[in-house]
Amino acid sequence: MSPEAHSAPRSLAEALRARDDTSLAALLRSRPDLITPVPTDLTQLATRAGTRASVLRALERLDRFALQTAEALAVAPDPASYGTLLGLMAGDGGDETVAGALPRALATLREQALVWGGDDRLRLVRTARELLAPSPQHPSPTGLGPTVQEATSGMSPGRIQEIVTAAGLPSTHDSVSAVTALSGLFTHRKKMAKLLAGAPEAAREVLTRLVWGPPYGQVTAEPAAHLRWLLDRGLLLPTAPGTVVLPREVALHLREGRAHRAPEPLPPAVAPAATHSPQVVDATAAGQAYTALATVEELLKDWDEGGPAVLRAGGLSVRDLKRTAVALDVSEPVAAFWTELAYAAGLIASDGEADERYAATPAYDEWLELSPAERWARLAQAWLPATRTPGLVGGRDAKDRTLSALGPGLDRSAAPEVRHRVLALLAGLPRGAAPDAESVLARLRWECPLRGAQRDSGEDDLRTRLARWTLSEAELLGVTGRGALSAQGRALLGAPPAGGTAGRSGGTARTAEPAAGPPGGPAAGPAEPAGPGDKLPVHHHRVPDRLAPLPAAEQALAGAAAARLLAPLLPEPLDHVLLQADLTAVAPGPLRRPLADMLGVLADVESKGGATVYRFTPASVRRALDAGRTAADLHAFLAEHSRTPVPQPLAYLIDDVARRHGHLRVGAASAYVRCDDDALLNEILADKRAAALRLRRLAPTVLATQSDPAALLEGLRAMGYAPAAESAEGDVLITRAHAHRTPPRTAPEPVPDGPPPPDGTLLTAAIRAIRAGDLAATAPRKPVGEHLASGELPRTSAADTLATMQAAVLTGDSVWIGYVNADGAASQRVIAPVRVEGGFVTAYDHTADEVRTYPLHRITGVAELADD
C-alpha cells in the first residue's frame, strides 16, 4: 500500500484532524452552528457537521455551481475520483469553463466539510448524499433516476437474465454478475451507441422525453412494441406496477456524461441599465435624504402629543395607517416603511400606558439635536441591519392574520443579508451606474439557489421580494440616487470609491476584487487552469466578496464618513420666509428649527416640495395667541424673519383676531362664559347654533352650561368667536402643545439568522479547546484496571491517584485524568503535573493550554499515556 493511501483519511473526523488552525477557523466561521456550544473534540465536531439541520444550513449557503457539484457527487459512485466528478460536470466533450471553476467549487465543499477525502477518493457527507441523491419521493435536481443496481434490487433472477440476454450479453450464473455486466454495457459509450442504433424511432423519442427528468413514466399492462423493446433490454426498468424508470447509466449516456443540462460555473453579471453622472447621482440621493428627514420629522410631529392606539395584538390598525399615509402624502406601503424605519431607529415606541398608544421616545429629542447629515446616517444605519420587513405589511401570516405595521410577525432574518448583498452588488458597478433589477435578482438566485427556492406565501420567493424592496427603500432613503449607489451609500457600507482606492468615502476598504459570491461561498469568476492535484490554500481558493458586513466597531466610523459626504450636498437651513399679500408665506428651502417651529404654530402648511407654502388663517393666528404670544410678538416675529414687508392684510388679520381674542372667558362651573359686554352674550344666546351648548344666564355678564370647558371652547370657536380659557383665579390659561414621550426605550433588536458568526477571540479559544479535547480523547493510554468503554473516565483509588501524580512530577510525564468539576460536569484531560501538595495538584493542562490547580478529591482516576 502506498504511503498516500495509508495516510488517506478514513472518516470526516480524521479529515478535520489533518486541517490546520486556519482551515478550522474558516469552517467554524462559515458554519457558526458548529461552535454553539463548543465541541469537546474533533470527533464531536465531525458528528455535528453531519447532522441534518447543520448540513441543510450549509447547503443553503452554497452558490449554484458549488451546489451542482455536490449534486453531481450525490449521483456519482461513493467514493468518486476527481476525474469522475469532472466528467459528470463537463460531459464527454469537456468544458474549459467548467473545468476551470470546478477546483474552486470542490475546495468550497471541502472547506464547508461537506466533502472529504483526496482527489482519488472524494466522499460527500452521508447526510448531504441522502438529501441530494435521487429517490421516488425526492427527485434529484439533476433529473437522474436510480442506478441499474438500485432499480433491479427487487427483480427476480430469471427476469434479470432475460434482460441481459436481450441486450446481447452472455448469460451469467448469478444476478450480481448479470447486473454488473448490464451496468458495464450502459456505461460503455460505443456498445451503447450500437445498441441504441437498433432502437425503433418511437423508443428513442421516449428516451428523449425522460433523459433530463423526471425519469419516471407510466406504462400499461400491455405496453406498445417500442416500449416493450426498451423494457426487454433494461433501458427502462419497472419500479412499481405500471411505473418504469430510466436507469441513471442510460440517462448519462444520452446526456453525453453530464449530470446537469446547464452547468452554471460563472455567476450572471449585474448589468447596468443606465449610467448617470456621479454628481447627479449624489445630488439626487441627497435630495431624497432631505425628503426622508422631513418625512420622519413630520411623522413624529404628528404623533408628538400621542400617536395612534396600539392594537390588542400589537401594531397599527389599517385605519391609522391610512391616516398616517394621508398626513405624510404618501402611499400606505411607503407610510409603513417610514413608520417601521422610525421604530427601528428607536424614535417611536409604545408608551406602555393602560390606554396604550404610540409616541416619540426621548431618543427622538436627542436625534433632533444632531445635524441633518448625522440624523440621516442614524436612520440609514438603523435600516441596514433591521430584520423587520415593511413590505410584508398588509399580507397574511401563517394563521391567515393580517400583518400590521409595528406589529408582530414582520421579522425576516434573511433581510439584512439580502439588503447588504444587493448594495454590495451595486457597489461593484462603476460610479453612477444603475443596475438592471432583473440581473441583480438573477445574481442573488445564483448565489443562494436553495434559499431562493424557499417560498414565503407569495408569487416571488422571499429573497427576491426582499431584494426588490431593498432597491426601492434605498432610493427612498437616499442611499441610492436614480438607482445608482451614491457616495454616501458607499461610505455607509465601508466601501472605497469606485476604482479601488480609499478616498472621499472615508470608509474601510474591504478588498478590491469584484464581488463574486455570498459570504462563505465561492467566487465563480474566470479561473486560471487548475488540475485535480493542485493544492489550493483554503483562504485563496475563491475571490472574496468586495464587501462584508462591517464589524460593530467600524459601523460608527462608516456612519460618520457617510454624514461628512452628505453634509455639503444638503441645503443650508434658512432664517427667513417670503410673505405674500394672499395671506401666505413661502419658505424657499428648509428653515431653521426655531423658525420652523414657530411658523408651524402661526400658520398651516398648504403645500410642500422644494418650497413650502404656509397659509395664515384666523384659526392659526388664534392658535399662536393661545400659546401665549401677543399681537406685538407676532408682528415683530414676522418683520424679523420676512425678506418682504409684512402685507397689510396679514397685519389686519393678526390685529383683528387679537382684538377679539380673550374677549370671552370660559371657566369651569361645569363651565361658564363671562364677558363685560352683555350685548355679546345676548347675541350668543340668540344664535341657534348655541342650542347644543344649553347655555343659561346667571348674571348680566355670565352664562353657564353643563358642558365641560373644552367642549364650550370648541363650540364657541366653531361659531366664529375667539374665547380664552381662564383659571379659577381668573387668569388667562396659555395652551401649549404637550409633547408626549414614552419612557426610555431601546430600538428593537434584529432577529438573527442562526447563531452569529464568531469573532476572532472566540474562534481562537474554541479551536484551542477542540484541539486539546481531541488530544485528550485520542492520546494512547496504558490499560487501567478493567477495559474502559470509549469515553468512560479512568477509575483509580485515591492512593493510586496520588502515587501516579507524584511519579509524574518526578519524571515530567503527562498523564490522562478524569475530572468532575464543582457543577458535576465530567471531562477527561491530559495534564503534566508540576507539584502535588495540600490535597491539590498543580499541572499544565494540555486541554486548556494553561497551568491549573485541581483538587485531588475531584479526580476520578489517572492513567499513564502509552509510550508511542
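Treat the numbers as computed from the prediction; the structure is a model and nothing was measured. (Residues numbered from 1 in each chain as written. Predicted model: local features only at pLDDT ≥ 70, side-chain atom pairs only at ≥ 80, totals over all residues. Heavy atoms only, no water.)

### Some thoughts on the confidence of the model for the chain
To keep it simple, the criterion reads: Known as pLDDT, the predictor's confidence for each residue is given on a scale from 0 to 100. Here, two residues are considered to be in contact whenever any of their heavy atoms come within 4.5 Å of each other.
On average, residues of the chain score 83 in pLDDT, and 87% of them reach the 70 mark or higher. Here residues 454-458 is modelled with pLDDT under 50, and outside its nearest four sequence neighbours on either side it reaches 12 contacts, counting other chains as well. Across residues 784-790, where pLDDT falls below 50, the model places 7 contacts with residues more than four positions away in sequence or in other chains.

### What to know about the sheet that holds strand E4 (residues 237-240)
Heads up, the condition is: Only strands joined by at least two bridges in the DSSP assignment are considered to pair. Numbering of helices and strands starts at the N terminus; helices are DSSP runs of H or I of at least 4 residues and strands are runs of E of at least 2. Axis definition: a line fitted to C-alpha atoms, over the contacting stretch in the case of helices. Angles run 0 to 180 degrees between N-to-C directions.
With antiparallel pairing, 3 strands are arranged side by side in an open sheet as E3-E5-E4. Single-partner strands in this sheet number two, and they are strand E3 (216-218) and E4. Averaged over neighbouring strand pairs, the angle between their axes works out to 40° when direction is ignored. In this structure, E3 lies alongside strand E5 (residues 243-245), joined through 3 bridges in antiparallel fashion. The residue of E5 that forms the bridge with Gly217 is Val244.

### Re unusual backbone geometry
Counted only if it meets this: Partly exposed describes any residue whose relative accessible area lies between the buried limit of under 20% and the exposed limit of over 50%, with all areas from a 1.4 Å probe on protein chains only and scaled to the type maximum.
Here the amide bond leading from Thr36 into Pro37 is cis, since omega sits at -5°, within 30 degrees of zero. Mapped onto the elements, Pro37 comes out in the loop between helix H3 (21-30) and helix H4 (42-49). Going from Asp78 to Pro79, the amide bond is cis rather than trans, its omega being 0°. Checked against the element boundaries, Pro79 lands in the loop between helix H6 (64-74) and helix H7 (82-90). Despite not being glycine, Leu406 shows a phi value in the positive range, around 65°. Assignment of secondary structure puts Leu406 in the loop between helix H21 (372-383) and helix H22 (415-427). By relative accessible area, which is 7% here, Leu406 ends up buried.

### What to know about a negative patch on the surface
Put simply, the test is: Without a salt bridge and with relative accessible area above 30%, a residue can belong to a patch; like charges are then joined within 9 Å and nonpolar side chains (Val, Leu, Ile, Met, Phe, Trp, Tyr) within 5 Å. Using the Shrake-Rupley algorithm and a 1.4 Å probe, accessible areas are obtained, with residue cover drawn only from the displayed protein chains. What makes a salt bridge here is a side-chain nitrogen of Lys or Arg within 4 Å of a carboxyl oxygen of Asp or Glu, nothing more. For the purpose of charge, His is not counted, nor are the chain termini; Lys and Arg are scored as positive and Asp and Glu as negative. The location of each charge is read from NZ of Lys, CZ of Arg, CG of Asp or CD of Glu.
A surface patch of negative charge is lined by Asp676, Asp677, Asp678 and Glu683. Along the polypeptide, Asp678 turns up in helix H32 (residues 678-686).

### Overview of the pairing of strand E18 (residues 696-699)
When E18 meets strand E19 (residues 702-705), the two strands line up antiparallel, connected through 3 bridges. Each bridged residue has a counterpart across the sheet, and for Arg696 the counterpart in E19 is Ala704. The turn joining E18 and E19, which pair antiparallel and follow one another in sequence, is formed by 2 residues.

### Details of the pattern of salt bridges
All chains considered together, the criterion is met by 33 salt bridges. For Arg771, the salt bridge identified is with Asp21, shortest N-O distance 2.9 Å. In this pair, Arg771 sits in helix H34 (residues 760-778) while Asp21 sits in helix H3, placing the two residues 750 residues apart along the sequence. Across the pair Arg443 and Glu447 runs a salt bridge whose closest N-O atoms are separated by 3.1 Å. Separated by 4 residues within a single helix, Arg443 and Glu447 lie in helix H23 (residues 437-447), roughly one turn from each other. Relative accessible area serves as the criterion here: at 5%, Arg443 is assigned to the buried category. A relative accessible area of 0% places Glu447 in the buried class.

### Brief notes about the packing of helix H11 (residues 157-166) against helix H15 (residues 225-232)
Note the cut-off: Here the word oblique covers every angle except those under 35 degrees (roughly parallel), over 145 (roughly antiparallel) and from 65 to 115 (roughly perpendicular). Residues were grouped as follows: Ala, Val, Leu, Ile, Met, Phe, Trp, Tyr, Cys and Pro as nonpolar; Asp, Glu, Lys and Arg as charged; and all remaining residues, including Gly, as polar.
At a minimum axis distance of 8 Å, the contact between H11 and H15 shows a crossing angle of 105°. With respect to H15, the axis of H11 lies roughly perpendicular. Residues Arg159, Glu162, Ile163 and Ala166 of H11 pack against Arg228, Leu231 and Asp232 of H15. Classifying every residue of the contact of H11 with H15 gives 3 nonpolar, no polar and 4 charged.

### A closer look at helix H29 (residues 618-626)
Of the positions making up H29, those classed as buried are Ser620, Val621, Arg622, Ala624, Leu625 and Asp626. Tucked inside the fold, the buried residues of H29 contact helix H28 (593-602), strand E14 (604-607), strand E15 (612-615), helix H30 (631-641), helix H31 (648-660) and helix H33 (709-718). Directly after H29, the chain includes Gly628, whose backbone phi takes a positive value near 100°.

### Considerations on the packing of H28 against H30
Put simply, the rule reads: Working rule for handedness: look at the near helix, and if it is turned counterclockwise from the far one by less than a right angle, call the crossing left-handed; if clockwise, right-handed.
It is at 12 Å that the axes of H28 and H30 come closest, and there the two elements cross at 130°. Comparing the axis directions of H28 and H30 gives the class oblique. As for how H28 packs across H30, the hand of that crossing is left-handed. Residues Leu595, Met598, Leu599 and Leu602 of H28 touch H30, and the partners they reach there are Leu634, Phe637, Leu638 and His641. Looking at the contact of H28 with H30 residue by residue, the classes come out as 7 nonpolar, 1 polar and no charged.

### Comments concerning the sheet that holds strand E21 (residues 815-820)
As summarised here, the arrangement of the 5 strands in space is E24-E23-E22-E21-E25, forming an open sheet in which the pairing is antiparallel. Looking at which strands have only one partner, the edges of the open sheet turn out to be strand E24 (850-855) and strand E25 (859-864). Here the average twist between neighbouring strands, direction ignored, is 45°. With 6 bridges joining them, strand E22 (residues 826-837) and strand E23 (residues 840-845) adopt antiparallel strand pairing. Its bridge partner lying in E23, Glu837 is registered against Phe840. Along the sheet face, helix H35 (residues 798-811) touches E21, E22, E23 and E25 and points at about 65° away from the line of E22.

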